[in-house]
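Spelled out from the first residue to the last, the chains are:
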Amino acid sequence: MSKAIYTLEFPRQTLRASLNPAYSPSVVLVCAMSYAFSVSISDKFSALLAASLIPLYFIIIKRFQLSHLVRLNIVNLIMILTISLTWPDFIDGLRAGAVIALRVNMIYVAFSAMVYPLGTSGIYEALSALGVPEKLRILIILTLRGIYMLSERYSSAITSVKLRAPKLRGMMRLKIFAYMTGSILFQTLERSENIMRAVKCRGGFGGFMQSENNGLNHRDILMILVFSVYVLGIVILNYA
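Below or above, wherever it landed, is the structure these notes cover. The residue count restarts for each chain, going from 1 along the sequence in the order it is written. In keeping with the model being predicted, local features are shown solely for residues with a pLDDT of at least 70 and side-chain atom pairs are shown and tallied solely at 80 or more, while totals for entire chains, interfaces and linings include all residues. Water and hydrogen atoms were dropped before computing side-chain values, which therefore reflect all heavy atoms in the structure.

1. Describing a positive patch on the surface
The grouping of R71, K162, R169 and R173 at the surface amounts to a positive patch. Mapped onto the elements, R169 comes out in the loop between helix 7 (134-164) and helix 8 (170-201). The cut-offs for exposure are 20% and 50% of the maximum accessible area for each residue type, with area from a 1.4 Å probe on protein chains only; residues under the lower value are buried, those over the upper are exposed, and the others partly exposed. For R169, a relative accessible area of 56% translates into the label exposed. Like charges are joined within 9 Å and nonpolar side chains (Val, Leu, Ile, Met, Phe, Trp, Tyr) within 5 Å, but only among residues with over 30% relative accessible area and no salt bridge; these make up the patches. Areas reported here follow the Shrake-Rupley algorithm with a probe of radius 1.4 Å; residue values treat only the protein chains shown as occluding. Think of a salt bridge as a Lys or Arg side-chain nitrogen and an Asp or Glu carboxyl oxygen that are within 4 Å of each other. Lys and Arg are tallied as positive, Asp and Glu as negative. Neither His nor the chain termini are counted. Taken as the charge centre is NZ of Lys, CZ of Arg, CG of Asp or CD of Glu, depending on the residue. In DSSP terms, a helix is any run of H or I states spanning at least four residues, a strand is any run of E spanning at least two, and both are numbered starting from the N terminus.

Pasting the structure below:
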């Protein structure tokens with residue numbers, strides 16, 4: 001087994017450049033969460049149009065690739081169809097599903113460009129600076145690591161199946177998918193237990209990363225002010 005399995009860090013090659021190393025991770029996290037909150041409560045066209053500026057900015061400066069939205073929007077299409085068919089009025093259901101899909105896309109782009117590049121160490125530092133209890137911080141990091149491990153194993157299993165049975169079709173394909181999913185869940189469970197043993201061997205929750213809160217600089221304060229005005233503007237447009 002890879003030694004990296006029992007660490008709290010994502011592999012370096014999976015991380016993109018951070019939004020800006022001059023910004024505090026806690027400020028980036030708070031700004032992203034406040035933006036997500038404002039988007040999640042918006043349903044008017046003017047508010048959604050204003051909220052779309054941040055995702056468009058990240059796409060234009062190439063911090064986010066549009067190809068990453070393909071799989072997400074396949075699920076969104078299923079969601080829109082389901083809501084439309086179960087809504088009292090088909091057109092209203094279609095509109096509601098489209099609004100939800102738009103919100104999901106915008107929040108996904110913002111978090112992918114702002115929060116994900118922080119990595120587990122940056123997220124841990126942000127949670128620590130925000131005063132989140134230590135056990136909760138570690139549990140969040142372990143959960144993120146577990147999700148990444150599950151995704152990594154699933155991608156490897158799909159590649160293996162494609163190489164060994166490229167013409168797999170019909171019921172056998174469904175059986176292979178079910179077996180693969182069950183096997184991955186059991187393997188991930190075993191690795192999660194090993195991670196917990198590693199936590200205990202290293203001194204419990206106090207034996208991992210320790211971060212320092214260096215306070216806020218002028219860039220952080222400026223970013224907070226800009227995002228506060230932006231988020232407040234979205235909320236006002238939605239309820240105006």
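More follows now that the structure is in view.
2. Section: the nonpolar core
Judged by nonpolar contacts, the single largest core of 37 residues is most densely connected at Y35, M114, M223, F227 and I234. At the level of secondary structure, the elements contributing two or more residues to this core comprise helix 1 (25-40), helix 2 (45-51), helix 3 (53-60), helix 5 (90-114), helix 6 (119-129), helix 7 and helix 9 (218-239). With 7 residues, helix 1 is the single largest residue contributor to this core. The contacts of F227, once residues within four sequence positions are left out, are C31, Y35, I54 and M114. Put simply, buried Ala, Val, Leu, Ile, Met, Phe, Trp, Tyr and Cys residues joined by side-chain atoms within 4.5 Å make one nonpolar core. Contact criterion: two residues are considered in contact whenever any of their non-hydrogen atoms come within 4.5 Å of each other.

3. So, unusual backbone geometry
If you check the backbone angles, K62 has positive phi at about 65 degrees while not being a glycine. You can see K62 is positioned in the loop between helix 3 and helix 4 (69-86). Taking relative accessible area as the criterion, K62 reaches 66% and is therefore assigned exposed.

4. With respect to a nonpolar patch on the surface
Together, L81, L85, F90, I91 and L94 give the surface a local cluster of nonpolar side chains, amounting to about 510 Å² of exposed area. Sorting the residues of the nonpolar patch by element identifies helix 4 and helix 5 as the ones contributing at least two each.

5. Quick notes on helix 9
Working rule for helices: expected span equals 1.5 Å times residues minus one. Over its 22 residues, helix 9 extends 32 Å from the first C-alpha to the last, a length consistent with the 32 Å expected when each residue adds 1.5 Å. For helix 9, every residue scored as buried is listed here: D220, M223, F227, Y230, V231, I234 and N238. The buried residues of helix 9 occupy an angular sector of 105 degrees when projected down its axis, which confines them to one face. Facing away from the buried side of helix 9, by more than 90 degrees, are the exposed residues H218, L222, L225, V229, L232 and Y239. Packed against the buried residues of helix 9 are helix 1, helix 2, helix 3 and helix 5. The directions considered for the arc run from the helix axis to the C-beta atoms.

6. Considering the side chain of S52
Within the secondary structure, S52 sits in the loop between helix 2 and helix 3. Here L49 takes part through its backbone oxygen, which lies 2.5 Å from a polar atom of the side chain of S52. If near-sequence neighbours (up to four positions away) are discounted, S52 is found in contact with M106 and Y230. In protein, a polar contact means a hydrogen-donor-capable atom and an acceptor-capable atom, both N or O and within 3.5 Å, with residues adjacent in sequence counting only if both atoms are side-chain atoms; elsewhere, any N or O pair within 3.5 Å suffices.

7. Concerning the packing of helix 6 against helix 7
Remark: helix 6 packs on helix 7, axes separated minimally by 10 Å, with the N-to-C direction vectors making an angle of 155 degrees. Looking at the two axes, helix 6 sits roughly antiparallel to helix 7. Two packed elements cross with a definite hand, and for helix 6 against helix 7 that hand is right-handed. Two secondary-structure elements touch here, helix 6 through T120, I123, Y124, L127 and S128 and helix 7 through E134, R137, I138, I140, I141 and L144. Its residues assigned to classes, the contact of helix 6 with helix 7 shows 7 nonpolar, 2 polar and 2 charged. For every element, the axis is a line fit to its C-alpha atoms; helices are fit only across the contacting stretch, and the angle between N-to-C directions ranges from 0 to 180 degrees. An angle below 35 degrees is read as roughly parallel, one above 145 as roughly antiparallel, one from 65 to 115 as roughly perpendicular, and any other as oblique. In this scheme, a crossing is called left-handed if the near helix is turned counterclockwise away from the far one by less than a right angle; it is called right-handed if the turn is clockwise. Note that Gly is not counted as nonpolar here; it falls among the polar residues with everything else outside the nonpolar set of Ala, Val, Leu, Ile, Met, Phe, Trp, Tyr, Cys and Pro and the charged set of Asp, Glu, Lys and Arg.

Interpretation in functional terms is not warranted from these geometric data alone.
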